[in-house]
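Breakdown of the fold
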Amino acid sequence: MAKETPENDAGWRLDNSYARLPKTFFSILNPTPVKSPQLIILNIPLAASLGLNSRELQSAGGVAALAGNIVPAGALPLAQAYAGHQFGHFTMLGDGRAILLGEQLTPRGERFDIQLKGAGRTPYSRGGDGRAALGPMLREYIISEAMHALGIATTRSLAVVTTGEPVIRETVLPGAVLTRVAASHLRVGTFQYASARGNPGDLRSLADYTLWRHFPDAEHSDNRYLALLRSVIARQAKLVAGWQLVGFIHGVMNTDNMALSGETIDYGPCAFMDAYDPETVFSSIDVTGRYAYGNQPHIAGWNLARFAETLLPLLHPDETQAVSLAQDALSAYPDSYNANWLAGMRAKLGIFNAEPGDKDLIEDLLDIMKEKRADYTNTFRGLTTGDQRETALFGAGEFTRWREKWQARLGRQPQTADAANKLMRSSNPAVIPRNHRVEAALESAVKHGDHTVMAKLLDTLSQPYAYSAEQDEYSQPPAPAACPYKTFCGT
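Residues numbered from 1 in each chain as written. Predicted model: local features only at pLDDT ≥ 70, side-chain atom pairs only at ≥ 80, totals over all residues. Heavy atoms only, no water.

**Remarks on a negative patch on the surface**
To be explicit about the condition: Here a patch means residues that are over 30% exposed by relative accessible area and free of salt bridges, tied together within 9 Å if like-charged and within 5 Å if nonpolar (Val, Leu, Ile, Met, Phe, Trp, Tyr). Here, Shrake-Rupley sampling with a 1.4 Å probe gives the accessible areas, and only protein chains in the shown set may cover a residue. A carboxyl oxygen of Asp or Glu within 4 Å of a side-chain nitrogen of Lys or Arg is what we treat as a salt bridge. Positive charges come from Lys and Arg, negative ones from Asp and Glu, while His and the chain ends are left out of the count. Where a charge lies is defined by one atom per residue type: Lys uses NZ, Arg uses CZ, Asp uses CG and Glu uses CD. Helix and strand assignments follow DSSP, with helices taken as H or I runs no shorter than four residues and strands as E runs no shorter than two, numbered in order from the N terminus. Working definition: with a 1.4 Å probe on protein chains only, accessible area under 20% of the residue-type maximum means buried, over 50% means exposed, and in between means partly exposed.
A cluster of acidic residues, Asp 360, Glu 363, Asp 364, Asp 367 and Glu 371, forms a negative patch at the surface. Here Asp 364 is to be found in helix H11 (residues 358-372). For Asp 364, a relative accessible area of 33% gives the class partly exposed.

Shown next as structure tokens:
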């Protein structure tokens, strides 16, 4: 069993509000200690924002806490129970390899979950070993921190430590534990779990807790649970629009992977799109393309409908009235998503005001990009810098005609060309975590113990809108490959 540290030099200030929910929602247990923990990477700026002492976290005791060998003072470790539709099929689930230590209270009065991913078996492991491999944990660290830098709501990564123990997947791999930081781990699947168990009191307790945790302004609404539904819908519409705007593909949008806080969560087979194609899929397990890039907005709406179903008993005593309220709330999702997406696309093109033809202008560009297999990120980068020589659109007649329409559109707004370009630079990343760059960093770290490639990549991705000369080499798409790029869950 993990030991509790008597000291708090690292700055842990943990509360355990989730543990005050009905006990059906969790199982209390300590992480399983590991053989020989070693720190691979620590997110020093994030540690500081959490009120943690990075020097102490790098000490033997600090690393032991990040590995699960020591339980920080004030922690009440637990595994959360939840359910979910996985590729459309409902099942009861839970944290099969993750332990929530508690909620860190920051100097700014914020509250963040501190979770150890890969911390050992739990009652929800379903035959799994409860462990994680180093490669997928470093991958989550890289992608989640890149998403944060891009300005997209996301869980974050505080640290990755190796365990000194192997994990057996297709091959023998080095084991690791990731420390994940999240606004919370409340999911659509958490509500599905409560609904499936059929206890109205538990469902109400969970809803009240979610309101307190994430939507305090909604607590005083005439129908607080309807306000909860509407708030979650609004956050998801903004989040998924953000994904689409940077070409991010989550890969496994199961309902248990949709956080009610509106954060991107569970970086498994995720990746960023190179050539623009709405049918792009990277995940090896998504054989039907259910979670393809172009399907993500629709799937988010489907997931939200499942969330609304769980709230029906709370929305109104009369089921017919409850369904009507839920449908009315859900009907706002497409418009909310489209408004977020359209506003973001206007910004990517330097457009400040709205005209009726803007959507057609944007979709015409996307159609040309798809036809020419133009790189998504670099097309907008080229529009921003004025250099189209290295994109697939250079010299294409249809693109030349589109560009003339775009320039005429910019000329009809009162803002200057410099202002439009400034807007584009703040909306179009010069770099994203290119899949081949991420793989190179992981191979260097996992196979050769060389973390310098990853460190340089993380530094480059930390300022995606800088447009510095040093970023140019990281903006290049991969060379054509004989086989399509595939990602894996890493479980």
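**Considerations on the packing of aromatic side chains**
Selection rule: When two rings of Phe, Tyr or Trp (its six-membered ring) have centres within 6.5 Å they constitute a pair, described as stacked for plane angles under 30 degrees, edge-to-face for angles over 60, and tilted for the intermediate range.
In the structure shown here, the tally under the stated rule is 16 aromatic pairs. Ring plane angle 75° and centroid distance 6.0 Å describe the contact between Tyr 18 and Tyr 209, whose orientation is recorded as edge-to-face. Of this pair, Tyr 18 sits in the loop between strand E2 (14-15) and strand E3 (26-28) while Tyr 209 sits in helix H6 (residues 200-214), placing them 191 residues apart in sequence. In this structure Tyr 209 comes out as buried when scored by relative accessible area, which is 7%.

**Points about the side chain of Thr 163**
For clarity, the threshold we go by: Within 3.5 Å is the distance limit for a polar contact, defined as a pair of N or O atoms, with the added protein rule that one can donate a hydrogen and the other accept it, and that residues adjacent in sequence qualify only through two side-chain atoms. Residue contacts follow a heavy-atom distance rule, with two residues in contact if any of their heavy atoms lie within 4.5 Å.
Following the sequence through the fold, Thr 163 ends up in strand E11 (residues 156-168). A polar atom in the side chain of Thr 163 sits 3.1 Å from the backbone nitrogen of Glu 165. In contact with Thr 163, other than residues within four places in its own chain, are Val 34, Lys 35, Ser 36, Pro 37, Gly 175, Ala 176 and Val 177.

**Considering the pattern of salt bridges**
Counting across every chain of the model gives 26 salt bridges. A salt bridge links Arg 213 to Asp 113; the nearest nitrogen and oxygen atoms lie 2.6 Å apart. Here the residue Arg 213 occupies a position in helix H6, and Asp 113 occupies one in strand E9 (residues 111-117), the gap between them amounting to 100 residues. For the pair shown, Arg 213 and Asp 113 are each scored as buried. Across the pair Asp 375 and Arg 434 runs a salt bridge whose closest N-O atoms are separated by 2.7 Å. Of this pair, Asp 375 sits in the loop between H11 and helix H12 (376-385) while Arg 434 sits in the loop between helix H14 (417-425) and helix H15 (435-448), and the two are 59 residues apart along the sequence.

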